[in-house]
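# Report on the structure
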Amino acid sequence: MKTRRAVTEALADTALDLFDRAGFDQVTVADIVAAAGISQRSFFRYFSSKEDVVFGDRIPSAEEVRGELLRHLDDLPPWDALRATFRTAAHQLDADQGHWKRATRVICRNPGLRARYLEKHLAWTDALAPEIVSRTTPEGPEAELRAHTMINTALGCFDVALMRWSDNDTDHPLTALVDDVFGFVHFPRP
């Protein structure tokens with residue numbers, strides 16, 4: 001008997017394949033359950049909506065991203081710590097690239113899903129900003145502005161790498177793209 005996690009992942013993969021081929025809005029829950037060979041009732045035991053199939057519990061919470069940043073801030077300046085944080089995320093996505101490439105394409109092609117993804121970015125910014133501000137000099141309003149600029153630039157870099165990776169059929173790792181894109185940006189140390 002399959003574990004709940006295995007069934008959830010198999011069902012998500014079936015749905016993502018349909019979303020990726022036909023478009024998120026064109027695929028119904030009835031289409032998903034028909035392809036998966038289960039009932040709608042069974043579908044709703046695993047997911048509360050189609051959107052939850054795409055996002056599930058796999059996208060890190062703000063606290064998880066903050067925790068990863070804190071692991072790097074003791075040894076690295078803020079910009080480098082942000083780069084290391086998103087490199088770790090990229091490494092995790094590389095480990096299941098088939099799933100994540102499809103999920104990213106589906107998110108990027110649907111305005112509603114893209115908006116929900118950007119809400120996660122806002123939560124990450126709120127969680128990361130105090131940590132970056134506290135390590136930025138000089139203190140004061142300039143430190144907050146500098147921290148928000150760094151964080152939003154890092155999120156932009158990650159998104160550029162993620163979109164390029166998801167649209168590419170090669171096995172080029174996302175971690176390498178993150179390194180490349182972050183390498184285009186330099187924040188001088190104050």
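So, how was this worked out
Along each chain, the written sequence defines residue order, and numbers are assigned to residues from 1. Side-chain atom pairs in this predicted model are given and counted only at pLDDT of 80 or more, local residue features only at pLDDT of at least 70, and totals for whole chains, interfaces and linings cover all residues. The basis for every side-chain value is the complete set of heavy atoms in the structure, and neither hydrogens nor water enter the calculation. Comment: elements are numbered from the N terminus, with helices defined as DSSP H or I runs of at least four residues and strands as E runs of at least two. Buried, partly exposed and exposed residues are distinguished by accessible area as a fraction of the type maximum, computed with a 1.4 Å probe on protein chains only: under 20%, between the cut-offs, and over 50%, respectively. Contact definition: two residues touch when any of their heavy atoms are within 4.5 Å. Only the protein chains shown count as cover for residues, and the accessible areas themselves come from Shrake-Rupley with a 1.4 Å probe. Charged residues are defined here as Lys and Arg on the positive side and Asp and Glu on the negative side; His and the ends of the chain fall outside this count. Charged side chains are reduced to one point each, which is NZ for Lys, CZ for Arg, CG for Asp and CD for Glu. Here is the rule: rings of Phe, Tyr and Trp (six-membered ring for Trp) pair when centre to centre is within 6.5 Å. Planes less than 30 degrees apart are stacked, more than 60 are edge-to-face, and the remainder are tilted. The rule for a charge over a ring is simple: NZ of Lys or CZ of Arg within 6 Å of the ring centre, and within 35 degrees of the ring normal. A carboxyl oxygen of Asp or Glu within 4 Å of a side-chain nitrogen of Lys or Arg is what we treat as a salt bridge. Lines fitted to C-alpha atoms define the axes, with helix axes restricted to the stretch in contact, and inter-axis angles between N-to-C directions lie between 0 and 180 degrees. In this scheme, roughly parallel covers angles under 35 degrees and roughly antiparallel covers those over 145, while 65 to 115 is roughly perpendicular and the rest are oblique. Ten residue types, Ala, Val, Leu, Ile, Met, Phe, Trp, Tyr, Cys and Pro, are classed as nonpolar, four, Asp, Glu, Lys and Arg, as charged, and the remainder, Gly among them, as polar. Among buried residues, the Ala, Val, Leu, Ile, Met, Phe, Trp, Tyr and Cys ones that are joined through side-chain atoms within 4.5 Å form a nonpolar core.

## Some thoughts on the overall build of the chain
- The helix and strand inventory of the chain stands at 10 helices and zero strands.
- Ordered by position from the N terminus, the helices and strands of the chain form the series α-α-α-α-α-α-α-α-α-α.
- Projected onto its principal axes, the C-alpha coordinates of the chain cover approximately 60 × 35 × 30 Å.
- The proportion of buried residues among the 190 residues of the chain is 44%.
- Here the analysis covers contacts within the chain between residues at least 6 apart in sequence; of these, 69% occur between residues at least 24 apart.
- A total of about 10,100 Å² of accessible surface is found on the chain, and carbon and sulfur atoms cover 52% of it.
- The chain carries 23 positive and 29 negative side-chain charges, and their two centres are separated by 5 Å.

## Let's talk about the packing of aromatic side chains
- Applying the stated criterion across every chain yields a total of eight aromatic pairs.
- Between the aromatic rings of tryptophan 79 and phenylalanine 182, the centroid separation amounts to 5.2 Å while the plane-to-plane angle is 35 degrees, which identifies the pairing as tilted. On the criterion of sequence distance, the pair formed by tryptophan 79 in helix H6 (residues 78-94) and phenylalanine 182 in helix H10 (residues 174-183) is long-range, its members being 103 residues apart.
- Classification of tryptophan 79 as buried rests on a relative accessible area of 7%.
- Here tryptophan 79 and phenylalanine 187 contribute two aromatic rings whose centre-to-centre distance is 4.8 Å and whose plane-to-plane angle is 50 degrees, an arrangement assigned as tilted. Within this pair, whereas tryptophan 79 is found in helix H6, its partner phenylalanine 187 is found in the segment after H10, the two being separated by 108 residues in sequence.
- Lying over the aromatic face of phenylalanine 24, lysine 50 brings its terminal NZ or CZ to 4.3 Å of the ring centre.

## Concerning the environment of phenylalanine 187
- When its relative accessible area of 16% is taken as the criterion, phenylalanine 187 is described as buried.
- For phenylalanine 187 and proline 78, which are 109 residues apart along the polypeptide, the C-alpha to C-alpha distance reads 9.2 Å.
- Here phenylalanine 187 is in contact with Trp79, Arg146, Thr149, Met150 and Thr153, once residues within four sequence places are set aside.

## Let's talk about the pattern of salt bridges
- One pass over the structure, following the stated rule, counts 13 salt bridges.
- Residue arginine 87 is joined to aspartate 179 by a salt bridge in which the shortest nitrogen-to-oxygen separation is 3.0 Å. With arginine 87 in helix H6 and aspartate 179 in helix H10, the pair connects residues that are 92 residues apart, well separated along the chain.
- By relative accessible area, which is 37% here, arginine 87 ends up partly exposed.
- Among the residues examined, aspartate 179 registers a relative accessible area of 22% and is labelled partly exposed.
- For the salt bridge of arginine 114 with aspartate 159, the shortest nitrogen-to-oxygen distance reads 3.6 Å. Here aspartate 159 lies in helix H9 (residues 141-166) and arginine 114 lies in helix H8 (residues 111-133), a separation of 45 residues in the sequence.

## Topic: the packing of helix H7 (residues 97-109) against H9
- The geometry of H7 relative to H9 is characterised by a closest axis approach of 9 Å and an angle of 110 degrees between their N-to-C directions. Here H9 runs roughly perpendicular to H7, going by the angle between their axes. Every residue of H9 that contacts H7 at Gln97, Trp100, Lys101, Thr104, Arg105 and Cys108 is listed here: Leu162, Met163, Trp165 and Ser166.
- Residue composition of the contact of H7 with H9, grouped by class: five nonpolar, three polar and two charged.

## Focus: the nonpolar core
- The biggest cluster of nonpolar side chains holds 55 residues, and the ones touching the most others in it are Phe19, Val54, Leu82, Phe158 and Leu174.
- Examining the composition of this core, we find that 10 residues originate from one element, H9, more than from any other.
- Those residues in contact with phenylalanine 158, other than ones at most four positions away along the chain, are Phe86, Ala89, Ala90, Leu93, Tyr117, Leu174, Val178 and Phe182.

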